[in-house]
Amino acid sequence: MPSVFETSPAAIPITFVTKSSWDQVAEALAPPQRAFAAACAFAAKPGAYLALPAPDGAIAQVLFGLEDEGARSRDRFRPGALPGLLPPGIYRFANAPHDARLAALAFAIGRYRFARYRKADRPDVRLVPPDGIDAAEIERIADAAMLARDLINTPSNDMGPAELAAAAQALAAEFGASFACTVGDDLEKDFPLIHAVGMASNRAPRLIDIGWGDPDHPKVTLVGKGVCFDTGGLDLKPSSGMLIMKKDMGGAANVLALARMVMDAKLKVRLRVLIPAVENAVAGNAFRPLDIFTSRKGITVEIGNTDAEGRLVLADALALADEEKPDLLIDLGTLTGAARVALGPDLPPFYTNDESLAADLSRCAMQENDPLWRMPLWPPYDSWLDSKTATITNAPSGGFAGSITCALFLQRFVEQARSWLHVDIYGWTPSAKPARPEGGECQAARAIYTLLSERYA
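Residues numbered from 1 in each chain as written. Predicted model: local features only at pLDDT ≥ 70, side-chain atom pairs only at ≥ 80, totals over all residues. Heavy atoms only, no water.

- Naming follows an unreviewed UniProt entry, where the chain appears as Leucyl aminopeptidase of Bradyrhizobium shewense.

Quick look at the structure:
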């Protein structure tokens, strides 16, 4: 997509107004414009939009409503609605929104349209960069967010394990990173859990491995769940549960978005990206409830439910990552309905025993309007993973604390990393909001990128 930023002395001003500031703003308008606003019943409500005409019929300025400063809730991405409202042209912020940097980012990602299968005109609007913001950084983040959205929004017939690997390979090539991929039956010996989940599909499973950066820099490894479609396996989902399972590779999509940000910014890290890419299908050779597999780490895993497949593929990838003893090991996955029941679609839980990491990530999430909420790796629940016939089960009975027990399951495969972070994302916006259209979403990646930028710039 062409750059969102362009400098122009003729840029049309956007004036942000609130209910409390509207009278003062209206008083400063030319009388014809004030009369026009009154005739249009403009009331400066959040999201209200009005283009004021100049004497020659052009747009003199745009009014756009925001929440008052003291409002209980303020959407700092609300200016992201503007690209869908504005006529083509170049615009500038005439005054400060709640957060000029986030407003510019929202404006950039608000131009997103998924247009692979039907015509969707992208808004031909650009913005003069607000004073004091890093325009290149905004575009870096926006480009990565749109990559994640495109990958998730692509249906599974065109985004299987091979296509996901091709997207990862293209990203690696763009930044001069190494790329390797272990495919099909070659996984069975060293990555038996990945192989087990993916073996029923006629689209072979694979483990994607990207490496980038100076080997002497701190090791940061990203692991993303790449289940390109999830039927639930033999524990078949109902049709309603399968409806948006094209998004079950959202962890992989967001890991690739995060990797793009890191490489584009040239952060001082030795980056590794691991993506187990599979399709959880139904066939005569599908893995079954109560099957037992010996994982890469040597832990035997009893299959309590074939629909708890994401933690299985992540387990083998985490075990491989852990062997390198990375300074920071991060995994992202669309893992549990329990997380959505607890926190909804917009607020992913994260888990870590690193107090400094937890505090820094919470601060970055708030700063970036990329919300996250810490949940506990609660040790007493670890015994719920016990199996009578194997070391652990992938799906404890009872149904309590499903997101926590998933995190505890994954923790069994991480012993040597200096610090580990697990995020249980949704990767989807169920109903459109400013800058966040319905569909695939970039979640957690912006907050984590900000944390990495602070530590490894």
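Read on for the rest.
## What to know about the UniProt feature "domain: Cytosol aminopeptidase" (unreviewed entry) in the chain
Turning to step 1, where the next piece is worked out: Mapped onto this structure's residue numbering, the UniProt feature "domain: Cytosol aminopeptidase" (unreviewed entry) falls at residues 305-312.
Turning to step 2, where the next piece is worked out: Taken end to end, residues 305-312 comprises 38% helix and 0% strand; its first and last C-alpha atoms sit 11 Å apart. (UniProt positions renumbered as here; feature names shortened; annotations may be inferred. Helix = DSSP H or I, 4+ residues; strand = E, 2+ residues; numbered from the N terminus.)

## Quick look at the pattern of salt bridges
Close approach of charged atoms allows side chains of opposite charge to pair.
Turning to step 1, where the next piece is worked out: Throughout the structure, instances matching the rule amount to 30 salt bridges.
Turning to step 2, where the next piece is worked out: The partner of Lys225 in a salt bridge is Glu309, and the shortest N-O contact between them spans 3.5 Å. You can see Lys225 sitting in the loop between strand 8 (219-224) and strand 9 (226-230) and its partner Glu309 sitting in the loop between strand 12 (300-302) and helix 9 (310-323), a full 84 residues away along the chain.
Turning to step 3, where the next piece is worked out: Asp230 is the salt-bridge partner of Lys237, the closest N and O atoms lying 3.5 Å from each other. Across the pair, Asp230 and Lys237 agree in class, each one buried. (Salt bridge = Lys/Arg side-chain N within 4 Å of Asp/Glu carboxyl O. Buried < 20%, exposed > 50% of the residue type's maximum accessible area, 1.4 Å probe, protein only.)

## Side note on the side chain of Thr18
Turning to step 1, where the next piece is worked out: Within the secondary structure, Thr18 sits in the loop between strand 1 (12-17) and helix 1 (22-28).
Turning to step 2, where the next piece is worked out: By relative accessible area, Thr18 is classed as buried at 13%.
Turning to step 3, where the next piece is worked out: Only 3.1 Å separates the side chain of Thr18 from the side chain of Ser20, close enough to count as a polar contact.
Turning to step 4, where the next piece is worked out: In this structure the side chain of Thr18 is engaged in a polar contact, spanning 2.9 Å, whose partner is the side chain of Asp68.
Turning to step 5, where the next piece is worked out: Filtering out sequence-adjacent residues up to four positions away, Thr18 remains in contact with Ala44, Leu66, Glu67 and Asp68. (Polar contact = N/O pair within 3.5 Å; in protein donor to acceptor, adjacent residues only side chain to side chain. Contact = heavy atoms within 4.5 Å.)

## Let's talk about a nonpolar patch on the surface
Turning to step 1, where the next piece is worked out: There is a patch of nonpolar side chains on the surface, built from Leu234, Leu236 and Val282 and spanning about 260 Å² of accessible area.
Turning to step 2, where the next piece is worked out: The class of Val282 is partly exposed, set by a relative accessible area of 45%. (Patch = residues over 30% accessible without salt bridge, like charges linked within 9 Å, V, L, I, M, F, W, Y side chains within 5 Å. Areas by Shrake-Rupley, 256 points an atom, 1.4 Å probe, with all protein chains shown as cover.)

## Observations concerning the sheet that holds strand 3 (residues 59-65)
Turning to step 1, where the next piece is worked out: Spatially, five strands are ordered 2-3-1-4-5 in an open sheet, and the strand pairing comes out mixed. Either end of the sheet is taken by a strand with one partner, and the two such strands are strand 2 (49-53) and strand 5 (125-127). Adjacent strand axes in the sheet meet at a mean angle of 30°, parallel and antiparallel pairs treated alike.
Turning to step 2, where the next piece is worked out: Sheet topology note: the strand 2/strand 3 ladder contains five bridges and is antiparallel. Note on strand 3: the bridge partner recorded for Leu50 is Leu63.
Turning to step 3, where the next piece is worked out: In the packing of helix 2 (residues 31-39) onto the sheet, contacts are made with strand 2 and strand 3, and the angle to strand 2 comes to roughly 145°.
Turning to step 4, where the next piece is worked out: On top of the sheet, helix 3 (residues 100-109) reaches strand 1, strand 4 (89-93) and strand 5; it is set at about 160° to strand 5, its chief contact. (Pairing = 2+ DSSP bridges. Axes fitted to C-alpha atoms, helices over the stretch in contact; angles between N-to-C directions.)

## Details of helix 5 (residues 161-174)
Turning to step 1, where the next piece is worked out: Over its 14 residues, helix 5 extends 20 Å from the first C-alpha to the last, a length consistent with the 20 Å expected when each residue adds 1.5 Å.
Turning to step 2, where the next piece is worked out: Those residues of helix 5 lying buried are Pro161, Leu164, Ala165, Ala168, Leu171 and Ala172. For helix 5, the buried positions fall inside an angular range of 120° around the axis, keeping them on one side.
Turning to step 3, where the next piece is worked out: Looking at the buried positions of helix 5, the neighbouring elements they touch are strand 6 (178-183), strand 7 (206-212), strand 9, helix 8 (250-265) and strand 10 (270-280). (Expected span 1.5 Å × (residues − 1). Arc of directions from axis to C-beta.)

## What to know about the sheet that holds strand 12
Strand pairing within a sheet occurs via backbone hydrogen bonds; the two strands may be parallel or antiparallel.
Turning to step 1, where the next piece is worked out: Taking strand neighbours across the sheet as the criterion, the three strands line up as 11-12-16 in an open arrangement whose pairing is mixed. A single partner strand is all that each edge strand has here, and the edge strands are strand 11 (292-294) and strand 16 (392-393).
Turning to step 2, where the next piece is worked out: Summarising the sheet, strand 11 and strand 12 pair through three bridges and their orientation is antiparallel. Pairing of Thr294 across the sheet is with Thr300, part of strand 12.

## A closer look at the domain arrangement of the chain
Turning to step 1, where the next piece is worked out: Assigned domains of the chain: these are domain 1 (12-133) and domain 2 (140-456).
Turning to step 2, where the next piece is worked out: On the domain 2 side, the residues contacting the 17 residues of domain 1 number 19 residues.
Turning to step 3, where the next piece is worked out: Interface of domain 1 and domain 2: buried area, both sides summed, is about 1,600 Å²; carbon and sulfur atoms make up 57% of it.
Turning to step 4, where the next piece is worked out: Area buried by domain 1 at its contact with domain 2 is led by Phe77, Ile109 and Tyr112, which between them contribute 37% of it.
Turning to step 5, where the next piece is worked out: In this assembly, domain 1 and domain 2 are joined by three salt bridges.
Turning to step 6, where the next piece is worked out: With a shortest N-O distance of 2.8 Å, Arg101 and Glu368 are connected by a salt bridge.
Turning to step 7, where the next piece is worked out: Counting every contact that joins domain 1 to domain 2 gives seven residue pairs in polar contact (both at pLDDT 80 or more). (Domains from an automatic or database assignment. Buried area = accessible area lost by both parts, 1.4 Å probe.)

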